[in-house]
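Working through the structure, step by step
Each chain, letter by letter, is given below.
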Amino acid sequence: MEKNNALFRIFIPIIAVIIIFESVMLVSGLEKSTVQVKESTNSASIEKQEVKTKDAFEVTFVTDSTEMKVGKNYTVKLQALVKEKRTLDAIDISVKYDAKNLEVTNLIFDEKLQEPIVGKAIKEDGMIVVKYIIETKQGITFNINDMVSLLSFDVKAKQAGVYEFEIATGNEDKKFDTMFIENTTVKALPFTSNKLEINVTK
């Protein structure tokens, strides 16, 4: 009997240690699974933030030739290809150019749009500025693949060199910006644009 009691006293602590060990392992496993869930949730939220808004317009400069001669007039057009159907309230265009070496004249605007409230070349700032305001409440709707003629102008170089025309986005100077303002949200829509580089020779 005393022998059995001695064995019983030895086994009880051993069994207790085993139960405590298994409990610790179980809790540790639960914590690991919780961490994994948090990590997967964080990665999912990051993926959502990386979704980009599509560009509504693709703005491009068009000219018959980028090779020009000093003293001769050449016509440059600025067009917008509609990438998504949108209704607009206003369009602001600002084009940077080298006013010291280039002369810009004969600005012509799209007949489909209302006459701009501003349409001029500002030599002091080296900017061509055009502002269209759509006065009707419903705005003006552009469909996918419509080509909008925003502006055309003549350029004449005073001396030889390589010059650029570029859309101003307001990043450098908040005074001049290019925006397509949506009718329903009154927000500026995203767009892409190219640069026009001309090579002028004598």
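Overview of the structure. (Residues numbered from 1 in each chain as written. Predicted model: local features only at pLDDT ≥ 70, side-chain atom pairs only at ≥ 80, totals over all residues. Heavy atoms only, no water.)

**A word on the side chain of Ser152**
- Within the element layout of this structure, Ser152 appears in strand 9 (residues 147-157).
- The contact partners of Ser152, leaving out residues within four places of it in the chain, are Val76, Lys77, Asn106, Leu107 and Ile108. (Helix = DSSP H or I, 4+ residues; strand = E, 2+ residues; numbered from the N terminus. Contact = heavy atoms within 4.5 Å.)

**Here we look at the environment of Ile108**
- Assignment of secondary structure puts Ile108 in strand 5 (residues 102-108).
- Ile108 gets classed as partly exposed once you look at its relative accessible area, which sits at 44%.
- Separated by 41 residues in the primary sequence, Ile108 and Ser149 have C-alpha atoms spaced 9.5 Å apart.
- Non-local contacts of Ile108, meaning those with residues more than four positions away in its chain, are made with Leu151 and Ser152. (Buried < 20%, exposed > 50% of the residue type's maximum accessible area, 1.4 Å probe, protein only.)

**Looking at the pattern of salt bridges**
- The full count for this structure, using the stated rule, is 8 salt bridges.
- For the salt bridge of Arg86 with Glu182, the shortest nitrogen-to-oxygen distance reads 2.8 Å. Separated by 96 residues along the polypeptide, Arg86 in strand 4 (residues 86-96) and Glu182 in strand 11 (residues 179-182) bring together distant segments of the chain.
- Given the relative accessible area of 11%, Glu182 is considered buried. (Salt bridge = Lys/Arg side-chain N within 4 Å of Asp/Glu carboxyl O.)

**Description of the side chain of Asn101**
- Relative to the helices and strands, Asn101 resides in the loop between strand 4 and strand 5.
- Looking at Asn101, its side chain comes within polar contact range of the side chain of Gln159, at 2.9 Å.
- Look past the residues within four positions of Asn101 in its chain and what remains in contact with it is Lys156, Ala157, Lys158, Gln159 and Tyr163. (Polar contact = N/O pair within 3.5 Å; in protein donor to acceptor, adjacent residues only side chain to side chain.)

**Quick notes on the nonpolar core**
- In terms of nonpolar packing, the biggest core is built from 41 residues, with Phe57, Leu78, Leu150, Phe165 and Phe180 touching the most fellow members.
- Among the elements that line this core, the one with the most residues is strand 9, at 6 residues.
- Other than its neighbours up to four places away in sequence, Phe180 contacts Phe57, Val59, Ala80, Leu88, Ala90, Ile91, Leu150, Lys187, Ala188, Leu189 and Phe191.
- Membership of the second largest hydrophobic core comes to 5 residues, among which are Ile122, Val129, Ala168 and Phe176. (Core = buried A, V, L, I, M, F, W, Y, C linked by side-chain atoms within 4.5 Å.)

**Examining the sheet that holds strand 12 (residues 191-193)**
- Ordered in space as 5-9-3-1-12, the 5 strands form an open sheet in which the pairing is mixed. The open sheet has two free edges, formed respectively by strand 5 and strand 12, since each of these has just one partner strand. On average, adjacent strands in this sheet sit at an angle of 25° to one another, irrespective of strand direction.
- Taken together, the 3 bridges between strand 1 (residues 57-63) and strand 12 define a ladder with parallel strand orientation. Note that in strand 12 the partner of Glu58 across the bridge is Thr192. (Pairing = 2+ DSSP bridges. Axes fitted to C-alpha atoms, helices over the stretch in contact; angles between N-to-C directions.)

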